[in-house]
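Results of the structural survey
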Amino acid sequence: GDPYVSGAAGPDAWDCSGLTMGSWAAAGHYLPHYSVAQYQDLEHITFSELKPGDLVFWGSSSDPNSIYHVAIYIGGGRVIAAPHTGTVVQIQAIWGHPSMAVRP
C-alpha cells in the first residue's frame, strides 16, 4: 500500500526497482537500484522456471536495454509491484507480455 514515487527506495515510498532492491536487501542480497542492471547482474531464467521471489521484467523488445519495469513474482501468475505514478505497491496478475526473468 505504500505509494509509488519515481526514484524512491523505501521505507515509505517505492519505485519498481527500489521495491525489488529493498525486498532483496531485507533478505541480505544486494541488487542495484536500476532494473536493467538487476537483469544484467542476475541468473536469467525462462518463464516456465519462475518461483516466488524471482524478478519479472517488461521491456519494449527482447533487448535488456529496453526494460522499463520490474516486479517480484509471488506465484500463481501474480507479482508484487510498484506499478507507476498515482498507484501504490500492490499484488497484481502478470499483465501484458513480460520480456525477461531472473533469479536473485
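Worth saying up front: this structure is predicted, and the values here are computed from it rather than measured.

Moving on to the side chain of Thr 87. Within the secondary structure layout, Thr 87 lies in the loop between strand S4 (78-81) and strand S5 (90-93). In this structure the side chain of Thr 87 is engaged in a polar contact, spanning 2.5 Å, whose partner is the backbone oxygen of His 84. With near-sequence residues (within four places) excluded, Thr 87 lies in contact with Pro 3 and Tyr 4.

Most often, soluble globular proteins have nonpolar side chains that are buried together. Residues Tyr 39, Leu 55, Phe 57, Ile 67 and Val 102 are the most contacted members of the largest nonpolar core, which totals 13 residues. Secondary-structure elements contributing two or more residues to this core are helix H1 (16-26), helix H2 (35-41), strand S2 (55-59), strand S3 (67-75) and strand S6 (100-103). With three residues, the top contributor of residues to this core is S3. In contact with Val 102, not counting residues within four places along its chain, are Tyr 39, Leu 42, Glu 43, His 44, Ile 45, Asp 54, Leu 55 and Phe 57.

With that out of the way, let us pick up the side chain of His 69. On the secondary structure map, His 69 appears in strand S3. The contacts of His 69, once residues within four sequence positions are left out, are Cys 16, Val 56, Phe 57, Trp 58, Ala 81, Ala 82, Pro 83 and Trp 95.

Bringing the sheet that holds S6 into the picture now. Strand order in this open sheet of six strands is S1-S6-S2-S3-S4-S5, and the pairing throughout is antiparallel. Of all strands in the sheet, those with a lone pairing partner are strand S1 (43-45) and S5, marking the two edges. Neighbouring strand axes in the sheet, compared pairwise and without regard to direction, differ in orientation by 40 degrees on average. Where S3 and S4 come together, three bridges link them in antiparallel fashion. Each bridged residue has a counterpart across the sheet, and for Ile 72 the counterpart in S4 is Ile 80. Across the sheet, H1 lies against S2, S3 and S4, angled at about 40 degrees from S3, the strand it touches most.

Reading the values: the criteria
Residues numbered from 1 in each chain as written. Predicted model: local features only at pLDDT ≥ 70, side-chain atom pairs only at ≥ 80, totals over all residues. Heavy atoms only, no water. Helix = DSSP H or I, 4+ residues; strand = E, 2+ residues; numbered from the N terminus. Polar contact = N/O pair within 3.5 Å; in protein donor to acceptor, adjacent residues only side chain to side chain. Contact = heavy atoms within 4.5 Å. Core = buried A, V, L, I, M, F, W, Y, C linked by side-chain atoms within 4.5 Å. Buried < 20%, exposed > 50% of the residue type's maximum accessible area, 1.4 Å probe, protein only. Pairing = 2+ DSSP bridges. Axes fitted to C-alpha atoms, helices over the stretch in contact; angles between N-to-C directions.

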